[in-house]
Amino acid sequence: MSNNTDTVPESYPMNSGDGTNSYTENSYFQKAATNVVKAKIDDVIAEKLDVKKNSSTSESTFRLADLGCSVGPNTFLTMHSHTMQNIIDVVQHKYQSQGLASHMPEFQVFFNDHASNDFNTLFASLPQRRSYFATRVPGSFHDRLFPESSLHFVHSSYALQWLSKLLEELLNKNSAAWNKGRVHYASAPDEVAQAYTDQFAKDITTFLDCRAKELVVGGLMVLIMPGIPNGIHRSSAPTGMIFDFLGLCLIDMAKEGLISEAQVNTFNLPVYVASPKEMTQLVETNGCFNIERMETTQPRARVDGISGQALTKHLRAGMEGIISKHFGTKIIDELFDRFSKKQQESFNLLESKYNVGTQLFMVLKRI
Ligand SMILES: C[S@@+](CC[C@H](N)C(=O)[O-])C[C@H]1O[C@@H](n2cnc3c(N)ncnc32)[C@H](O)[C@@H]1O
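These notes cover the structure that comes with them. (Residues numbered from 1 in each chain as written. Predicted model: local features only at pLDDT ≥ 70, side-chain atom pairs only at ≥ 80, totals over all residues. Heavy atoms only, no water.)

### Structural notes on the overall build of the protein chain
Defined as follows: Only DSSP runs of H or I reaching four residues or more are called helices, and only runs of E reaching two or more are called strands; each is numbered from the N terminus. Relative accessible area decides the class of each residue, using a 1.4 Å probe on protein chains only: under 20% of the type maximum gives buried, over 50% gives exposed, and in between gives partly exposed. To measure how exposed things are, a 1.4 Å probe is used in the Shrake-Rupley method; for residues, cover is taken only from the protein chains shown.
Looking only at helices and strands, the protein chain has 12 helices and 7 strands in total. Across the 367 residues in the protein chain, those meeting the buried criterion constitute 58%. Of the roughly 15,300 Å² that the protein chain leaves accessible, carbon and sulfur atoms contribute 48%.

Dropping the structure here:
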């Protein structure tokens, strides 16, 4: 069952279908995130998108991509009352208000995720009446996905925190970055955190290089991901605390012989929480984008009563795939029962961590 490889699997899809542990039924946090940024995205399109330029070209299709779309329903909340359909509505409105209604383009939305994503659930839920053509694009966004200068708008929510792999030194007993007894970097020594930071920088650099080729000049990119304000220690981010709890449960299970300690030592969650400062540096080094917005926001400000149970289910929906790939499926129920108890014991502390901004929101414009 165990899979002690030194690299992370290429993809780790969210739980598929619409059962009680599916991602579809358990993506409250992403939904909350979408709510908070809606108004911001509207403003950015109104202020920053140059429809005059688009209408003066012979191009008659406006192409949008949702990178790391998963299986919904946020993609569809996203689409209707939130991002994708909203983007199209706001763009259409802009054409009209600028007297360019006769140049109104047709719209095409590309839904991207790893090939192993449950695209069937996604496309089965597509409404028949929609104001765009829908296309699936399987593959990693750490690689080229679209032809040169073919996209006008890129959106990605809660996907860029997934690292493409982790550095081998995390598994090397002789390295200062050996992450013994933990599954994440939040409360680990600096060397471990640095290994994560280095991989994140590589991944974002590749991502920006690819998108710079694919976006038209003037095209906008809205990126939303877990974030940590500048100057706050990594162990203070709620995401880090949640992963620490998961690690503690795994260690307990190893002590009881349900899994081996070596299995825990060779498992690291490939998830990174970035600050505006480090993101800004990476974008500036790339040099192809203007930073229109870069801030941490508080996604839970408008969501009431997210229970501990919901948090457990949410985590399970997102992490079950990668955990069972490494430890096998048999331990999953036991692990998340333990996680549920552990986070209940410390729920107040966890809640208090959410007082800092936990979401990184940025808008980049291709120059
Ligand atoms: C937490 S889900 C977020 C889904 C959706 N955007 C939302 O906000 O609800 C993250 C998604 O990103 C996808 N993902 C992670 N790394 C990716 C990559 N390199 N290329 C494409 N998709 C990726 C995962 O497969 C997963 O479906």
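### Quick look at helix α10 (residues 308–327)
How we decide: The span one expects for a helix is its residue count, reduced by one, times 1.5 Å. Fitting axes to the seven residues ending at a residue and to the seven starting there, one defines the bend at that residue as the angle between these axes.
Across its 20 residues, α10 extends only 24 Å between first and last C-alpha, which sits more than 12% below the 28 Å expected from 1.5 Å per residue. Its maximal kink placed at M319, α10 deviates by approximately 60°. When you tally the buried positions in α10, you get 16 out of 20 residues, the bulk of the element.

### Quick notes on the sheet that holds strand β2 (residues 106–113)
Here is the rule: One requirement defines pairing of two strands: DSSP has to find at least two bridges between them. To obtain each axis, a line is fitted to C-alpha atoms, and for helices this fit is confined to the stretch in contact; angles are then taken between N-to-C directions over 0 to 180 degrees. Contact criterion: two residues are considered in contact whenever any of their non-hydrogen atoms come within 4.5 Å of each other.
Here we have 7 strands laid out as an open sheet, ordered β3-β2-β1-β4-β5-β7-β6, and mixed in their pairing. Each edge of the open sheet is held by one strand with a lone partner, namely β3 (133–138) and β6 (289–297). On average, each strand axis in the sheet is inclined to that of its neighbour by 15°, with strand direction left out of account. With 6 bridges joining them, strand β4 (residues 151–157) and strand β5 (residues 215–226) adopt parallel strand pairing. Bridging across to β5, S156 finds its partner in L223. Seen against the sheet, helix α9 (residues 276–286) touches β5, β6 and β7 (359–366) and runs at an angle of roughly 170° to β6.

### Brief notes about unusual backbone geometry
One non-glycine residue with positive phi stands out, namely S70, at about 60°. Here S70 falls in the buried class, since its relative accessible area comes to 6%. At S149, a residue that is not glycine, the phi angle is positive and equals roughly 45°. Among the structural elements, S149 can be located in the loop between β3 and β4. Taking the relative accessible area as the measure of exposure, S149 reaches 43% and is therefore partly exposed.

### As for the layout of surface pockets
Any empty space left between atoms is shown by rolling a water-sized probe over those atoms. Put simply, the rule is: Think of a 1 Å grid over the protein atoms and nothing else: a 1.4 Å probe that fits but is trapped marks a cavity, an open set flanked by protein within 12 Å on at least five of seven lines marks a pocket, and residues with an atom within 4 Å of a point count as lining. Grid points are joined across faces, edges and corners, and a volume is the space filled by probe spheres set on the points. Any residue outside Ala, Val, Leu, Ile, Met, Phe, Trp, Tyr, Cys, Pro, Asp, Glu, Lys and Arg is labelled polar, Gly included; the first ten of those are nonpolar and the last four are charged.
In this structure, the second largest pocket occupies an estimated 330 Å³ of space. Looking at the second largest pocket, it is lined by 17 residues, and the ones nearest its centre are T197, R234, Y272, S275 and E278. Only α6 (190–214) and α9 provide two or more residues apiece to the lining of the second largest pocket. By residue number, the principal contributor to the lining of the second largest pocket is α6, which donates 4 residues. Here the lining of the second largest pocket is built from residues that sort into 7 nonpolar, 6 polar and 4 charged.

### Observations concerning empty space enclosed by the protein
Using the criterion set out here, one finds 4 cavities of 30 Å³ or more in the structure. If you go around the second largest cavity, the residues you meet are L49, D50, K53, N54, H152, V216, V217, G218 and G219. Among the elements of the structure, α2 (51–55) and β5 are those that each provide at least two residues to the lining of the second largest cavity. At 4 residues, β5 tops the list of elements feeding residues into the lining of the second largest cavity. By residue class, the composition of the lining of the second largest cavity is 3 nonpolar, 4 polar and 2 charged.

### Re the packing of α10 against helix α11 (residues 332–345)
What describes two packed helices is the angle between their axes and the distance between those same axes. Stated precisely, the cut-off is as follows: Crossing handedness: left-handed means the near helix sits turned counterclockwise from the far one by under a right angle, and right-handed means the same turn made clockwise.
At their nearest, the axes of α10 and α11 sit 10 Å apart, and the two run at 145° to each other. Seen along the crossing, α10 lies across α11 with a hand that is right-handed. Contacts from G308, Q309, L311, T312, L315, R316, E320, I323 and S324 in α10 reach I332, D333, L335, F336, F339, S340 and Q343 in α11. When the residues that make up the contact of α10 with α11 are grouped by side-chain class, the tally is 7 nonpolar, 6 polar and 3 charged.

### Focus: the pattern of salt bridges
Rules: By definition here, a salt bridge exists when the distance from a side-chain nitrogen of Lys or Arg to a carboxyl oxygen of Asp or Glu is within 4 Å.
Tallied over the entire structure, the rule returns 13 salt bridges. A salt bridge links D42 to K38; the shortest N-O distance between them is 3.4 Å. Note that D42 and K38 are positioned in helix α1 (residues 28–48) at a spacing of 4 residues, about one turn of the helix. As a salt-bridge pair, E295 and K40 come within 2.4 Å of each other at their nearest N and O atoms. Taken together, the positions of E295 in strand β6 and K40 in helix α1 put the pair 255 residues apart, joining distant regions of the chain. Among the ionic contacts, a cluster of salt bridges with common partners joins R144, R211 and E214.

### A few points about the pairing of β5
When a strand is regular, its side chains alternate between the sheet's two faces. This is how it is decided: Note on handedness: a crossover is taken as right-handed if, strands pointing away from the viewer, the path from the first strand over the helix to the second is clockwise.
Within β5, 11 of the 12 residues are buried, which leaves it mostly tucked inside the rest of the structure. Between the parallel pair β4 and β5, the chain is carried across by α6, and the sense of this crossover is right-handed. For β5 and β7, the ladder comprises 7 bridges, and the chain directions are antiparallel. Each residue of the ladder has a partner; that of L220, found in β7, is K365.

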